[in-house]
Amino acid sequence: QVQLVESGGGLVQPGGSLRLSCVVSGSTSSFHFISWHRQAPGKQRELVAVITSGGSTNYVDSVKGRVTISRDNAKNTVYLQMNSLKPEDTAVYYCKAFNGSNDYWGQGTRVTVSS
(Lines give C-alpha, C1' and ligand atoms only; values in the text may rest on other atoms or scores of the structure.)
Protein backbone atom coordinates (compact mmCIF):
# COMPACT_ATOMS: atom_id res chain seq x y z
CA GLN A 1 0.00 0.00 0.00
CA VAL A 2 1.48 3.31 -1.08
CA GLN A 3 1.30 6.07 1.51
CA LEU A 4 2.23 9.72 1.18
CA VAL A 5 2.65 11.94 4.22
CA GLU A 6 2.95 15.69 3.85
CA SER A 7 4.37 18.07 6.43
CA GLY A 8 5.79 21.56 6.72
CA GLY A 9 2.68 23.69 6.46
CA GLY A 10 1.84 26.49 8.85
CA LEU A 11 1.19 30.19 9.23
CA VAL A 12 3.60 32.54 7.48
CA GLN A 13 3.58 36.25 6.75
CA PRO A 14 3.40 37.55 3.18
CA GLY A 15 6.84 37.45 1.64
CA GLY A 16 7.91 34.55 3.81
CA SER A 17 9.02 31.04 2.92
CA LEU A 18 8.02 27.48 3.68
CA ARG A 19 9.32 24.09 2.64
CA LEU A 20 6.80 21.32 2.35
CA SER A 21 7.84 17.69 2.47
CA CYS A 22 6.14 14.60 1.09
CA VAL A 23 7.48 11.28 2.32
CA VAL A 24 6.56 8.37 0.05
CA SER A 25 6.37 4.77 1.26
CA GLY A 26 8.34 3.49 -1.67
CA SER A 27 11.04 4.66 -4.00
CA THR A 28 10.25 8.10 -5.39
CA SER A 29 12.03 7.15 -8.59
CA SER A 30 9.61 4.25 -9.15
CA PHE A 31 6.73 6.64 -9.87
CA HIS A 32 6.19 8.21 -13.29
CA PHE A 33 5.74 11.53 -11.58
CA ILE A 34 5.04 13.08 -8.21
CA SER A 35 3.18 16.34 -8.00
CA TRP A 36 2.03 18.96 -5.55
CA HIS A 37 -1.52 20.28 -5.70
CA ARG A 38 -3.42 22.79 -3.62
CA GLN A 39 -7.01 23.54 -2.78
CA ALA A 40 -8.00 26.95 -1.51
CA PRO A 41 -11.28 27.45 0.37
CA GLY A 42 -14.19 27.37 -2.05
CA LYS A 43 -12.00 26.53 -5.03
CA GLN A 44 -11.12 23.44 -7.00
CA ARG A 45 -7.90 21.58 -6.39
CA GLU A 46 -5.18 22.73 -8.78
CA LEU A 47 -1.80 21.44 -9.85
CA VAL A 48 1.11 23.49 -8.50
CA ALA A 49 4.23 21.63 -9.59
CA VAL A 50 5.32 18.24 -10.90
CA ILE A 51 8.57 16.32 -11.06
CA THR A 52 8.98 13.31 -13.31
CA SER A 53 11.00 10.16 -12.67
CA GLY A 54 13.63 11.63 -14.97
CA GLY A 55 13.82 14.80 -12.92
CA SER A 56 11.99 17.16 -15.25
CA THR A 57 9.89 19.78 -13.54
CA ASN A 58 6.97 21.98 -14.44
CA TYR A 59 5.01 24.66 -12.61
CA VAL A 60 1.71 26.46 -12.81
CA ASP A 61 2.24 30.02 -14.04
CA SER A 62 1.12 31.60 -10.77
CA VAL A 63 4.07 30.12 -8.84
CA LYS A 64 6.85 30.18 -11.44
CA GLY A 65 9.94 31.85 -10.07
CA ARG A 66 8.76 31.47 -6.47
CA VAL A 67 8.41 27.73 -6.05
CA THR A 68 10.82 24.84 -6.57
CA ILE A 69 9.97 21.15 -6.56
CA SER A 70 12.76 18.70 -5.84
CA ARG A 71 13.27 15.20 -4.57
CA ASP A 72 15.72 13.20 -2.49
CA ASN A 73 15.51 9.61 -3.65
CA ALA A 74 17.62 8.41 -0.73
CA LYS A 75 14.97 9.77 1.66
CA ASN A 76 11.97 8.91 -0.55
CA THR A 77 10.94 12.52 -0.15
CA VAL A 78 9.70 15.21 -2.49
CA TYR A 79 9.95 18.85 -1.43
CA LEU A 80 8.16 22.02 -2.37
CA GLN A 81 10.18 25.11 -1.53
CA MET A 82 7.94 28.16 -1.57
CA ASN A 83 9.34 31.68 -1.39
CA SER A 84 7.80 35.15 -1.60
CA LEU A 85 4.52 33.73 -0.40
CA LYS A 86 1.33 35.64 -1.07
CA PRO A 87 -2.06 35.52 0.64
CA GLU A 88 -3.44 33.82 -2.47
CA ASP A 89 -1.10 30.89 -1.81
CA THR A 90 -3.24 30.03 1.21
CA ALA A 91 -4.55 26.50 0.70
CA VAL A 92 -4.26 22.90 1.74
CA TYR A 93 -1.34 21.41 -0.16
CA TYR A 94 -1.41 17.77 -1.26
CA CYS A 95 1.15 15.56 -2.93
CA LYS A 96 0.22 12.90 -5.41
CA ALA A 97 2.19 10.00 -6.86
CA PHE A 98 1.34 8.29 -10.13
CA ASN A 99 2.80 4.86 -10.86
CA GLY A 100 1.47 4.46 -14.36
CA SER A 101 -1.87 3.03 -13.37
CA ASN A 102 -2.98 4.57 -10.07
CA ASP A 103 -2.90 7.90 -8.28
CA TYR A 104 -2.00 8.02 -4.60
CA TRP A 105 -2.73 11.09 -2.50
CA GLY A 106 -1.51 12.30 0.84
CA GLN A 107 -3.72 13.81 3.53
CA GLY A 108 -2.59 17.38 2.94
CA THR A 109 -0.84 20.08 4.91
CA ARG A 110 -2.35 23.53 5.46
CA VAL A 111 -0.53 26.70 4.45
CA THR A 112 -1.86 30.05 5.61
CA VAL A 113 -0.26 33.26 4.39
CA SER A 114 -1.43 36.17 6.48
CA SER A 115 -0.13 39.13 8.41
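Everything discussed here concerns the structure shown above.
Calculation notes
Residues numbered from 1 in each chain as written. Predicted model: local features only at pLDDT ≥ 70, side-chain atom pairs only at ≥ 80, totals over all residues. Heavy atoms only, no water. Phe/Tyr/Trp six-rings, centres within 6.5 Å; stacked < 30°, edge-to-face > 60°. Helix = DSSP H or I, 4+ residues; strand = E, 2+ residues; numbered from the N terminus. Buried < 20%, exposed > 50% of the residue type's maximum accessible area, 1.4 Å probe, protein only. Lys NZ or Arg CZ within 6 Å of the ring centre and 35° of its normal. Polar contact = N/O pair within 3.5 Å; in protein donor to acceptor, adjacent residues only side chain to side chain.

(A) Seen up close, the packing of aromatic side chains. Enumeration according to the criterion identifies two aromatic pairs in this entry. A ring pair is formed by Y94 and W105, whose centres lie 6.3 Å apart and whose planes are at 85 degrees; its orientation type is edge-to-face. With Y94 in strand β9 (residues 91–98) and W105 in strand β10 (residues 103–105), this residue pair connects regions lying 11 residues apart in the sequence. Accessibility expressed as a relative area gives 36% for W105, which makes it partly exposed. Seen from the ring of Y94, R45 lies directly overhead, with NZ or CZ sitting 3.7 Å from the centre.

(B) Fine view of the environment of E46. Relative to the elements of secondary structure, E46 occurs in strand β5 (residues 46–52). Classification of E46 by relative accessible area gives partly exposed; the value is 31%. For the pair formed by E46 and Y94, sequence separation is 48 residues and the distance between their alpha carbons is 9.8 Å. Side-chain polar atoms of E46 contact the side chain of R38, separated by 2.7 Å.

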